[in-house]
Every structure is written in structure tokens, then in C-alpha cells.
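Given next are the chains, with one letter for each unit.
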Amino acid sequence: MEKEVSTDNRTDLKSLNTDELKQFCDDLELADYRADQVYQWLYQKGASSFDEMTNLSKDLRAKLKEIAEVPRITIHSQQESKDGTIKFLFQLDGPEGYKVEAVMIPDFYPDGAANRLTVCVSSQVGCMFGCSFCATGKMGYFRNLSHGEIVDQVQIINEIVEEKFGKKITNIVYMGMGEPLHNFKAVVESARIICNPLGLDLSPKRITVSTVGLTKQIKQLADLETGVNLAISLHAADDEKRDEIMPINSSLNLTQLEEAVKYYHQKTEKPLTYEYLLFDEFNDSAADAKKLADIAQWVPSKINIIMYNNVAGVALKRAREERLDRFMQILTSRGITATVRRSRGDDIDAGCGQLAIREGQEKGKSMAKA
Ligand code: SF4
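Everything numeric in this text was worked out from a predicted model, so none of it was measured.

Core analysis: the largest hydrophobic core is formed by 98 residues, its most contacted members being Val-119, Ile-172, Val-187 and Ile-194. In terms of residue count, helix 6 (residues 184-195) provides more of this core than any other element does, 8 residues in total. Counting residues domain by domain, this core receives three or more from each of domain 1 (11-69) and domain 2 (74-358). Not counting chain neighbours up to four residues away, the residues in contact with Val-187 comprise Ser-123, Ile-150, Tyr-174, Pro-180, Leu-181 and Val-209.

For Gln-37, the location among the structural elements is in helix 2 (residues 32-43). In this structure the C-alpha to C-alpha distance between Gln-37 and Leu-198, which are 161 residues apart in sequence, comes to 8.4 Å. Filtering out sequence-adjacent residues up to four positions away, Gln-37 remains in contact with Asn-55 and Leu-56.

By convention, interface size is frequently given as the accessible area that disappears when the constituent parts associate. As far as domains go, the protein chain holds domain 1 (11-69) and domain 2 (74-358). Computed over C-alpha atoms only, the centres of domain 1 and domain 2 are separated by 33 Å. Facing the 10 residues of domain 1 at the interface are 13 residues of domain 2. Ranked by the residues each element gives to the side of domain 1 that touches domain 2, the list is headed by helix 2, at 4 residues.

Let us look at helix 5 (residues 147-165). Helix length check: helix 5 (19 residues) gives 26 Å between terminal C-alpha atoms against 27 Å at 1.5 Å per residue, within 8%. All of the buried residues along helix 5 are His-147, Gly-148, Glu-149, Ile-150, Val-151, Asp-152, Gln-153, Val-154, Gln-155, Ile-157, Asn-158 and Val-161. Of the surrounding secondary structure, the elements contacted by the buried residues of helix 5 are helix 2, strand 4 (86-91), strand 5 (99-108), strand 6 (114-120), strand 9 (171-174) and helix 6.

Take the site of the ligand next. The ligand sits among 13 residues. The nearest are Cys-127, Phe-129, Cys-131, Cys-134 and Gly-137. When grouped by side-chain class, the residues that make up the shell around the ligand number 7 nonpolar, 5 polar and 1 charged.

Turning next to the environment of Ser-15. One can find Ser-15 in the loop between strand 1 (11-12) and helix 1 (18-27). Sequence separation of Ser-15 and Glu-80 is 65 residues, and the distance between their C-alpha atoms is 31 Å. If we ignore the near neighbours within four places in the chain, the residues touching Ser-15 are Ser-146 and Gly-148.

Okay, the pairing of strand 6 next. Pairing of strand 5 with strand 6, which is carried by 5 bridges, proceeds in the antiparallel orientation. Bridge pairing in strand 6 places Val-103 opposite Cys-120. Where strand 5 folds back on strand 6, the antiparallel hairpin that results is connected by 5 residues, among which Gly-112 adopts a positive phi of roughly 95°. Examined bridge by bridge, strand 6 and strand 9 share 3 bridges and lie parallel to one another. Across the sheet, residue Thr-118 finds its bridge partner in strand 9, namely Asn-171.

What follows covers the confidence of the model for the protein chain. On average, residues of the protein chain score 91 in pLDDT, and 92% of them are at 70 or above. Confidence drops under pLDDT 50 across residues 1-6; counting only partners more than four residues distant or on other chains, this segment forms 12 contacts.

This brings us to the packing of helix 7 (residues 215-224) against helix 9 (residues 254-268). Viewed as axis vectors pointing N to C, helix 7 and helix 9 meet at an angle of 5°, and their least axial separation amounts to 9 Å. Here helix 9 runs roughly parallel to helix 7, going by the angle between their axes. Residues Thr-215, Ile-218, Lys-219, Ala-222 and Asp-223 of helix 7 lie in contact with helix 9, whose contacting residues are Gln-256, Leu-257, Ala-260, Tyr-263, Tyr-264, Lys-267 and Thr-268. Considered class by class, the residues forming the contact of helix 7 with helix 9 number 6 nonpolar, 3 polar and 3 charged.

It is worth spelling out the packing of helix 1 against helix 2 at this point. Helix-helix packing is described using two parameters, namely the angle between the two axes and the distance between the axes. Remark: helix 1 packs on helix 2, axes separated minimally by 10 Å, with the N-to-C direction vectors making an angle of 130°. Comparing their axes, helix 2 and helix 1 come out oblique. Crossing geometry of helix 1 relative to helix 2 is assigned as right-handed. Facing helix 1, whose interface residues are Leu-21, Lys-22 and Cys-25, helix 2 presents Arg-34, Ala-35, Val-38 and Tyr-39.

Definitions and cut-offs
- Residues numbered from 1 in each chain as written.
- Predicted model: local features only at pLDDT ≥ 70, side-chain atom pairs only at ≥ 80, totals over all residues.
- Core = buried A, V, L, I, M, F, W, Y, C linked by C-beta atoms within 7 Å.
- Buried ≥ 20, exposed ≤ 12 C-beta atoms within 10 Å, placed from the backbone.
- Helix = DSSP H or I, 4+ residues; strand = E, 2+ residues; numbered from the N terminus.
- Domains from an automatic or database assignment.
- Contact = placed C-beta atoms within 7 Å.
- Expected span 1.5 Å × (residues − 1).
- Near = placed C-beta within 6 Å.
- Nonpolar A, V, L, I, M, F, W, Y, C, P; charged D, E, K, R; others polar.
- Pairing = 2+ DSSP bridges.
- pLDDT = per-residue confidence, 0-100.
- Axes fitted to C-alpha atoms, helices over the stretch in contact; angles between N-to-C directions.
- Parallel < 35°, antiparallel > 145°, perpendicular 65-115°, else oblique.
- Left-handed = near helix turned anticlockwise from the far one by under 90°.

And the structure:
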């Protein structure tokens, strides 16, 4: 089907949140079941034109074409790693030609059948937080994604995954390009759509939103009772080291993070995850492990120790195995639940932002530096 191109001020249906879309359908005096059908076409079946919406009457489709549009992002390119990880570079609508990445990370049972199929999505084009180890951070900030653009990443990858493995995506993590809680409204709305039975019908327990530690938004997320999981990108266990690699820490330090995390847990009763990239001779000492164990005791939590995908131009490097072993021993001796996450897709630029940078999207506006 031919994709509709906006030539006027038609309403982008995917820019409307669920309530606004309902109002739009009410204004057209559509029955509730019709509104549900439109919603399903947008977010479950991934329609990019009204012509595809074959269970709507011809008259209604013609009317919708006149007053609305349904943009959809497209796959610009993809790379598959020998471990099964697939990295997608998506082309966004719009004259700027922006691209964002998403990664599908499969886990397999011993017999080779697919087990968990996790998708890591982007929430912004670039990022303004400038973490020193991050390829996306080097790119600077361009713009927020809409909730529709976030859901599109999941929906498009889900189509591919169902075809390839005969099952749906099982988990979603908001850990791609951008700081999800800095695009709060769109991220929350996208998670709601993903969980909606008329959307992708995934349990919120299968969704994890990651943040560098935006304390106000952590509390807002707790108040909304979305049911999604929260992960904190910690990466250093004291303010001095965290200041060095994550500029956000100079305005929102670990004391403020502790307060927000305790509020989040008190409200949601959910355990937290801390993500900790282990860098050689930077944050992998015995003293670091002990400080991290202390942080893990703020509220019930687990720690993912992540072996870093080295990024060109970044001085920090992946920790050595013997230092990892000692680090893990200290955590487990303190009774901390900690898991080592091996980098996936090492052969395909699977670290966040690497592919977009290779494709030439590298000059953004960095508010962090400003
Ligand atoms: S790690 Fe996350 S918050 Fe930090 S620069 Fe990269 S995308 Fe932004």
C-alpha cells in the first residue's frame, strides 16, 4: 500500500495519546468498537496507511485520509551478529533524516529454541547527558521521539521476531539511545500502548525503564503506578567517580538518588535493578565493590554487572576477567544478588549509538556541555 504523505495540517494519529485518540474518534462519532479497530491498526498491526485498515468502511477510510495521517518509521538497515543479536537502524519521518537504533537480543534454550526475546529501544535522537563512556552521549541531543515512534520500534521488530522465531517479543528495555525519563510523557504513553491488549499486550512486568538517575521523574513514575520496572544506570559507587563519567551526578548526586530510590520502592514495593558497567582499573576495585554493596542495600535490588563494549575514542575499557571475579566474590559474600551480563553483538557495533554514529549522525546539540 502506498504510504500517505503529509501535505497539509492533517492530524498525525500517532502523536495523540490514548485519551486524545478517543476524543478524535468521538468527534467523528465513531462507535467504540471502531475506535478500538483504529487503535489496533495503529499499534498492533502497524498500519502505515488507511488503505490497510480493511475492516473500516470505505467511506470512513476516505474521511480519515482527508483529515489524518499515520506515519510509521522504517528500517534503514540492520546487522545480525553471530550470537543472534540483531541491531536495527530506524529511519524516522521528517526532513532531518534522523535515525535511531534498537537491538533485539535473543536467549536460547539448550535445544536451540528461542527463550527470551528482549528488545532494547531508543527514546531520543541522541542524548544530552554526555556520559563519557557512551557513543550516544558523544553525538549530543537532537530531539525526543514521540510515543508512536517508540512503539513502532517494538512493533516492527515484533513482526520480524514472530516470523523468525514463531513467538512474540518477551521483554522490552528502554536502554537504547537517549535518557528515557527525560522524555517522560512519551515513554510512559508508549509503555501503556505496549501493555494495552489492543496494542502489543505485554505485561508491564516485562518492561524495564532505565535512567541515569533523574530523581523527580523517578518519583513521578512511582506515583503513576505503571507497573513497569526501573533500572538505575549507576556505573560508579561514589560521587567522585560518578562525577567523572556521568555529568548528571554533579547536579543529582548519590544522596539525592538514594532518597528518590527509597521513595520509588516505598510507593511501588518493586525491587530495583542497578546497571554497573565494569571498567578496567576505574570502578572495579575491592573498595568499589564494597561501596556498591552498600548502595544495593538502600532498597531490595539486584545488580547487573555489565562487561563494557569498548567504544572508539573512549579511554575507559572493559574490565579484565580476574578483576571481575574478585568484584563478584565481594558482592556475593555480602549477600547481594548480582549477575554478569556479557556484551552481545560485539561483532556488529551493538553498543548504544555506535551504529548511528557510523551512519554519520554525529553532530548534535549537547545541552550537557552548554
Ligand atoms: S548512557 Fe544514557 S544518559 Fe548517558 S549519554 Fe548515553 S544515552 Fe545518554
